[in-house]
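# Structure at a glance
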Amino acid sequence: MVTNHLQLEAKINGIQGRFILDTGASNSCVGTNMIDHFKIDAMASDTKASGAGATDMETQQSKNNSLEMGPWKTNKFHLVLFDLIHVNTALVQHNAKEVHGIIGADILQKGKAIIDYHRNVLYLKKVKK
């Protein structure tokens, strides 16, 4: 990808989406405009979000969603929801596709992730049942 972000496909609540992998993002996020698309039950949050190019953004949260990335799955996926317009604007300016959200360090830690930048692949350890 032109921005050097790994872009990946994942399913939230059984619905396919496009995401960027951001090791600097504490939490995984979805744009507020995707709440209906992913059938997310959003709740108010007092937390403000900040990221590259944007600060003090209003957020919502959602708990216990399902997330699938290839064979890796979890049903305890918590999300932060906020307006991702600044992220998608930057992606489009770099001739990259817009995304539905961001996979952050929370999932990387939970999945004991290994990122192979040379092959552009994310490996996650299967969750034991």
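## Things to note about the overall build of the protein chain
Each helix and strand counted, the protein chain has 2 helices and 9 strands in total. Helices and strands in the protein chain line up, N terminus first, as β-β-β-β-β-β-α-β-α-β-β. Each of the 129 residues in the protein chain was classed as buried or not, and the buried ones make up 41%. Nonlocal contacts in the protein chain, meaning residues at least 24 apart in sequence, comprise 54% of its contacts between residues at least 6 apart. In the structure as shown, the protein chain presents an accessible area of about 7900 Å², 48% of it carried by carbon and sulfur atoms.

## Considerations on the pattern of salt bridges
All told, the structure shown has 1 salt bridge when counted by the stated rule. Between Arg119 and Asp116 there is a salt bridge, and its shortest N-O distance comes to 3.0 Å. Owing to a relative accessible area of 59%, Arg119 belongs among the exposed residues under this scheme.

## Structural notes on unusual backbone geometry
A positive phi angle, close to 55 degrees, is found at Asn13, a residue other than glycine. Inspection of the secondary structure assignment puts Asn13 in the loop between β1 (6-12) and β2 (15-21). You can call Asn13 partly exposed: its relative accessible area is 25%.

## A few points about helix α1 (residues 85-93)
Of all the positions in α1, only Val87, Asn88 and Leu91 are classed as buried. Down the axis of α1, the buried set is contained in an arc of 90 degrees. They therefore lie on one face. Residues of α1 that are exposed and angled more than 90 degrees away from the buried face: Ile85 and Gln93.

## Side note on the pairing of β2
The buried count for β2 comes to 5 of 7 residues, which makes it a mostly enclosed element. If you look at the hairpin formed by β1 and β2, you'll find 2 residues sitting between the two strands, and Asn13 has a positive phi there, around 55 degrees.

## What about the side chain of Asn65?
Positionally, Asn65 belongs in strand β5 (residues 54-69). A relative accessible area of 3% places Asn65 in the buried class. At a separation of 3.0 Å, a polar atom in the side chain of Asn65 contacts the side chain of Asn13. Non-local contacts of Asn65, meaning those with residues more than four positions away in its chain, are made with Ile12, Asn13, Ile40, Thr74, Asn75, Lys76, Phe77 and Leu79.

## As for the nonpolar core
In this structure, Val30, Leu67 and Met69 are the most contacted members of the largest nonpolar core, which totals 23 residues. Mapped by element, the contributors of at least two residues to this core are β1, β2, β5, β6 (72-82) and α2 (105-110). The residues touching Met69, leaving out its near neighbours within four places in the chain, are Leu8, Glu9, Ala10, Ile103, Ile107, Leu122 and Leu124. Counting residues in hydrophobic clusters, the runner-up holds 12 residues, among them Val80, Val87, Leu91 and Ile102.

## A few points about the side chain of Thr74
Tracing the sequence through the fold places Thr74 in strand β6. Beyond its immediate chain neighbours, meaning those up to four positions away, Thr74 contacts Asn65, Ser66, Leu67 and Lys110.

Criteria and thresholds
Residues numbered from 1 in each chain as written. Predicted model: local features only at pLDDT ≥ 70, side-chain atom pairs only at ≥ 80, totals over all residues. Heavy atoms only, no water. Helix = DSSP H or I, 4+ residues; strand = E, 2+ residues; numbered from the N terminus. Buried < 20%, exposed > 50% of the residue type's maximum accessible area, 1.4 Å probe, protein only. Contact = heavy atoms within 4.5 Å. Areas by Shrake-Rupley, 256 points an atom, 1.4 Å probe, with all protein chains shown as cover. Salt bridge = Lys/Arg side-chain N within 4 Å of Asp/Glu carboxyl O. Arc of directions from axis to C-beta. Pairing = 2+ DSSP bridges. Polar contact = N/O pair within 3.5 Å; in protein donor to acceptor, adjacent residues only side chain to side chain. Core = buried A, V, L, I, M, F, W, Y, C linked by side-chain atoms within 4.5 Å.

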